[in-house]
Amino acid sequence: MTEIRTPRLLLRRWTDDDLAPMAEINSDPQVMRWVGDGSVRDLDETAEAVERWEEEWDEEGFGLFAVELLASGELIGFAGLSVPEYLPEVLPDVEISWRLGAQFWGQGYASEAAHAVLEFALQDRGLERLVAVNRLGDDRSENVLRKLDMVLDRETKHPEYGFALNIHTIDLSEYEA
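Report on the accompanying structure. One numbering rule holds for all chains: residues counted from 1, following each sequence as written. Confidence filtering applies because this is a predicted model: local features only for residues at pLDDT of at least 70, side-chain atom pairs given and counted only at 80 or more, and all residues used for totals across whole chains, interfaces and linings. Computation of side-chain values: all heavy atoms of the structure, hydrogens and water removed.

Let us look at the overall build of the protein chain. Per the convention used, a helix needs a DSSP run of H or I reaching at least four residues, while a strand needs a run of E reaching at least two, with both numbered from the N terminus. Within the protein chain, the regular secondary structure consists of five helices and eight strands. For the protein chain, the sequential pattern of α-helices and β-strands runs β-β-α-α-α-β-β-β-α-β-α-β-β. Each radius of gyration is computed over the set of C-alpha atoms, and the globule rule expresses the reference value as 2.2 Å times the number of residues to the power 0.38. Taken over the C-alpha trace, the protein chain has a radius of gyration of 15 Å; the compact-globule value for 177 residues is 16 Å, and the two agree within 12%. In terms of principal-axis extent, the alpha carbons of the protein chain reach across some 40 × 35 × 35 Å. Whether two residues are in contact is decided by their heavy atoms, any of which lying within 4.5 Å being enough. Counted over contacts in the protein chain with a minimum sequence separation of 6, partners at least 24 positions apart contribute 61%.

Right under this line is the structure:
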(Lines give C-alpha, C1' and ligand atoms only; values in the text may rest on other atoms or scores of the structure.)
Protein backbone atom coordinates (compact mmCIF):
# COMPACT_ATOMS: atom_id res chain seq x y z
CA MET A 1 0.00 0.00 0.00
CA THR A 2 1.43 3.34 -1.04
CA GLU A 3 1.71 5.83 1.81
CA ILE A 4 3.52 9.11 2.26
CA ARG A 5 4.01 10.82 5.61
CA THR A 6 4.71 14.51 5.95
CA PRO A 7 5.13 16.36 9.25
CA ARG A 8 1.35 16.72 9.63
CA LEU A 9 -0.28 14.49 7.02
CA LEU A 10 -0.67 10.93 5.85
CA LEU A 11 -1.30 10.43 2.13
CA ARG A 12 -2.65 6.93 1.51
CA ARG A 13 -4.96 4.78 -0.59
CA TRP A 14 -8.73 4.96 -0.08
CA THR A 15 -10.87 2.87 2.27
CA ASP A 16 -14.63 2.51 2.65
CA ASP A 17 -14.42 4.65 5.81
CA ASP A 18 -13.34 7.60 3.62
CA LEU A 19 -16.56 7.77 1.60
CA ALA A 20 -18.75 9.66 4.08
CA PRO A 21 -16.16 12.34 4.98
CA MET A 22 -15.19 12.81 1.31
CA ALA A 23 -18.87 13.06 0.37
CA GLU A 24 -19.26 15.77 3.01
CA ILE A 25 -16.38 17.71 1.42
CA ASN A 26 -17.89 17.19 -2.06
CA SER A 27 -21.30 18.41 -0.87
CA ASP A 28 -19.94 21.85 0.11
CA PRO A 29 -20.70 24.47 -2.58
CA GLN A 30 -17.72 26.54 -1.39
CA VAL A 31 -15.36 23.61 -2.03
CA MET A 32 -16.92 22.62 -5.34
CA ARG A 33 -17.16 26.16 -6.74
CA TRP A 34 -13.99 25.68 -8.83
CA VAL A 35 -14.51 22.00 -9.73
CA GLY A 36 -16.07 21.08 -13.08
CA ASP A 37 -19.35 22.93 -13.47
CA GLY A 38 -19.44 23.75 -9.76
CA SER A 39 -22.04 21.12 -8.87
CA VAL A 40 -21.88 19.47 -5.48
CA ARG A 41 -21.68 15.68 -5.30
CA ASP A 42 -23.56 13.24 -3.08
CA LEU A 43 -22.42 10.00 -1.44
CA ASP A 44 -23.12 7.84 -4.51
CA GLU A 45 -21.24 10.21 -6.83
CA THR A 46 -18.35 10.35 -4.37
CA ALA A 47 -18.24 6.55 -4.17
CA GLU A 48 -18.11 6.37 -7.98
CA ALA A 49 -15.28 8.93 -8.03
CA VAL A 50 -13.26 7.07 -5.39
CA GLU A 51 -13.73 3.86 -7.38
CA ARG A 52 -12.36 5.59 -10.51
CA TRP A 53 -9.43 6.99 -8.50
CA GLU A 54 -8.57 3.53 -7.19
CA GLU A 55 -8.82 2.09 -10.73
CA GLU A 56 -6.33 4.71 -11.90
CA TRP A 57 -3.91 3.52 -9.21
CA ASP A 58 -4.21 0.00 -10.61
CA GLU A 59 -3.90 1.08 -14.26
CA GLU A 60 -1.32 3.89 -14.04
CA GLY A 61 0.65 3.20 -10.86
CA PHE A 62 -0.37 6.57 -9.45
CA GLY A 63 -3.57 8.29 -8.41
CA LEU A 64 -5.26 10.52 -5.91
CA PHE A 65 -4.27 9.90 -2.31
CA ALA A 66 -6.70 10.20 0.58
CA VAL A 67 -5.18 12.86 2.87
CA GLU A 68 -5.63 12.60 6.60
CA LEU A 69 -4.32 14.53 9.58
CA LEU A 70 -1.69 12.51 11.43
CA ALA A 71 -2.72 13.99 14.78
CA SER A 72 -6.38 12.93 14.56
CA GLY A 73 -6.74 10.48 11.66
CA GLU A 74 -9.41 12.79 10.19
CA LEU A 75 -9.81 12.71 6.39
CA ILE A 76 -9.34 16.24 5.06
CA GLY A 77 -9.53 15.60 1.31
CA PHE A 78 -7.26 14.36 -1.46
CA ALA A 79 -4.05 15.20 -3.29
CA GLY A 80 -2.34 13.30 -6.05
CA LEU A 81 -1.79 12.58 -9.69
CA SER A 82 -4.20 11.76 -12.50
CA VAL A 83 -4.44 11.58 -16.26
CA PRO A 84 -6.43 14.70 -17.30
CA GLU A 85 -8.55 12.98 -19.94
CA TYR A 86 -11.09 15.83 -19.78
CA LEU A 87 -8.43 18.11 -21.34
CA PRO A 88 -6.85 16.21 -24.27
CA GLU A 89 -4.62 19.14 -25.25
CA VAL A 90 -2.32 18.56 -22.24
CA LEU A 91 -1.96 14.80 -22.75
CA PRO A 92 0.23 12.81 -22.28
CA ASP A 93 1.15 14.98 -19.28
CA VAL A 94 0.03 13.94 -15.81
CA GLU A 95 -1.92 16.39 -13.63
CA ILE A 96 -1.31 17.20 -9.98
CA SER A 97 -4.40 18.23 -8.04
CA TRP A 98 -5.90 18.50 -4.57
CA ARG A 99 -9.21 19.16 -2.86
CA LEU A 100 -9.57 19.83 0.85
CA GLY A 101 -12.53 20.54 3.06
CA ALA A 102 -13.01 24.29 3.56
CA GLN A 103 -12.29 24.07 7.30
CA PHE A 104 -8.74 22.95 6.37
CA TRP A 105 -7.96 25.84 4.03
CA GLY A 106 -5.36 28.45 4.88
CA GLN A 107 -3.28 26.14 7.10
CA GLY A 108 -0.69 25.01 4.57
CA TYR A 109 -2.09 21.49 4.21
CA ALA A 110 -2.62 21.71 0.43
CA SER A 111 0.95 22.91 -0.12
CA GLU A 112 2.35 20.26 2.23
CA ALA A 113 0.44 17.47 0.49
CA ALA A 114 1.23 18.78 -3.00
CA HIS A 115 4.96 19.00 -2.25
CA ALA A 116 4.84 15.36 -1.12
CA VAL A 117 3.05 14.45 -4.37
CA LEU A 118 5.75 16.23 -6.43
CA GLU A 119 8.43 14.18 -4.68
CA PHE A 120 6.40 11.00 -5.25
CA ALA A 121 6.01 11.84 -8.97
CA LEU A 122 9.73 12.39 -9.40
CA GLN A 123 11.34 9.88 -7.05
CA ASP A 124 8.85 7.00 -7.02
CA ARG A 125 7.25 7.25 -10.47
CA GLY A 126 10.02 8.85 -12.53
CA LEU A 127 7.77 11.45 -14.12
CA GLU A 128 9.61 14.30 -15.82
CA ARG A 129 6.86 16.91 -16.04
CA LEU A 130 3.54 17.65 -14.39
CA VAL A 131 0.72 20.02 -15.22
CA ALA A 132 -1.80 21.67 -12.95
CA VAL A 133 -5.09 22.92 -14.34
CA ASN A 134 -7.12 25.50 -12.50
CA ARG A 135 -9.94 27.88 -13.24
CA LEU A 136 -9.15 31.51 -13.73
CA GLY A 137 -10.03 33.28 -10.48
CA ASP A 138 -9.26 30.36 -8.14
CA ASP A 139 -6.75 32.38 -6.15
CA ARG A 140 -6.27 29.77 -3.41
CA SER A 141 -5.09 27.19 -5.94
CA GLU A 142 -2.92 29.80 -7.67
CA ASN A 143 -1.22 30.45 -4.34
CA VAL A 144 -0.42 26.74 -3.90
CA LEU A 145 0.90 26.58 -7.47
CA ARG A 146 3.28 29.46 -6.73
CA LYS A 147 4.53 27.62 -3.63
CA LEU A 148 5.19 24.57 -5.82
CA ASP A 149 7.22 26.74 -8.25
CA MET A 150 4.88 25.79 -11.07
CA VAL A 151 4.86 28.28 -13.94
CA LEU A 152 1.96 29.46 -16.05
CA ASP A 153 2.26 27.78 -19.43
CA ARG A 154 -0.90 29.02 -21.10
CA GLU A 155 -4.57 29.81 -20.80
CA THR A 156 -7.19 27.68 -22.50
CA LYS A 157 -10.92 26.97 -22.29
CA HIS A 158 -12.58 24.03 -20.59
CA PRO A 159 -13.74 21.85 -23.52
CA GLU A 160 -17.13 21.07 -21.96
CA TYR A 161 -18.01 24.17 -19.90
CA GLY A 162 -16.16 26.89 -21.80
CA PHE A 163 -14.68 28.78 -18.85
CA ALA A 164 -11.06 29.95 -18.78
CA LEU A 165 -8.42 27.59 -17.42
CA ASN A 166 -4.80 28.23 -16.55
CA ILE A 167 -2.32 25.47 -17.37
CA HIS A 168 0.74 25.46 -15.11
CA THR A 169 3.76 23.20 -15.55
CA ILE A 170 6.78 22.05 -13.65
CA ASP A 171 9.85 20.31 -15.04
CA LEU A 172 10.62 17.75 -12.36
CA SER A 173 14.20 17.38 -13.54
CA GLU A 174 14.72 20.88 -12.12
CA TYR A 175 12.60 20.34 -8.99
CA GLU A 176 14.34 20.43 -5.65
CA ALA A 177 12.37 19.29 -2.63
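Picking up after the structure, the text goes on.
Bringing unusual backbone geometry into the picture now. Here the bond from Leu91 into Pro92 is cis, since omega is 15°, no more than 30 degrees from zero. You can see Pro92 is positioned in the loop between strand E4 (75–82) and strand E5 (94–100). Despite not being glycine, Asp149 has its phi angle at roughly 65°, a positive value. In this structure, Asp149 sits in the loop between helix H5 (139–147) and strand E7 (151–157).

Moving on, we get to the sheet that holds strand E2 (residues 9–12). Whether two strands pair comes down to DSSP finding at least two bridges between them. Strand order in the open sheet formed by eight strands is E1-E2-E3-E4-E5-E6-E8-E7, and the pairing between neighbours is mixed. A single partner strand is all that each edge strand has here, and the edge strands are strand E1 (4–5) and E7. Where E7 lies against strand E8 (residues 164–171), six bridges are found, and the strand directions are antiparallel. Bridge pairing in E8 links Thr156 to Leu165. Angles here are taken between N-to-C directions and fall from 0 to 180 degrees, while the axes themselves are lines fitted to C-alpha atoms, restricted in helices to the stretch in contact. Against the sheet, H5 contacts E5, strand E6 (129–135) and E8, and its axis sits at roughly 160° relative to E6.

Once that is clear, we can look at the nonpolar core. The biggest cluster of nonpolar side chains holds 34 residues, and the ones touching the most others in it are Leu11, Leu81, Ile96, Trp98 and Leu130. The set of elements that each furnish at least two residues to this core consists of E2, strand E3 (64–69), E4, E5, helix H4 (109–124), E6 and H5. Ranked by the residues each element gives to this core, the list is headed by H4, at nine residues. In this text, buried Ala, Val, Leu, Ile, Met, Phe, Trp, Tyr and Cys residues form a nonpolar core when linked through side-chain atoms within 4.5 Å. Residue exposure (1.4 Å probe, protein chains only): buried if accessible area is under 20% of the type maximum, exposed if over 50%, otherwise partly exposed.

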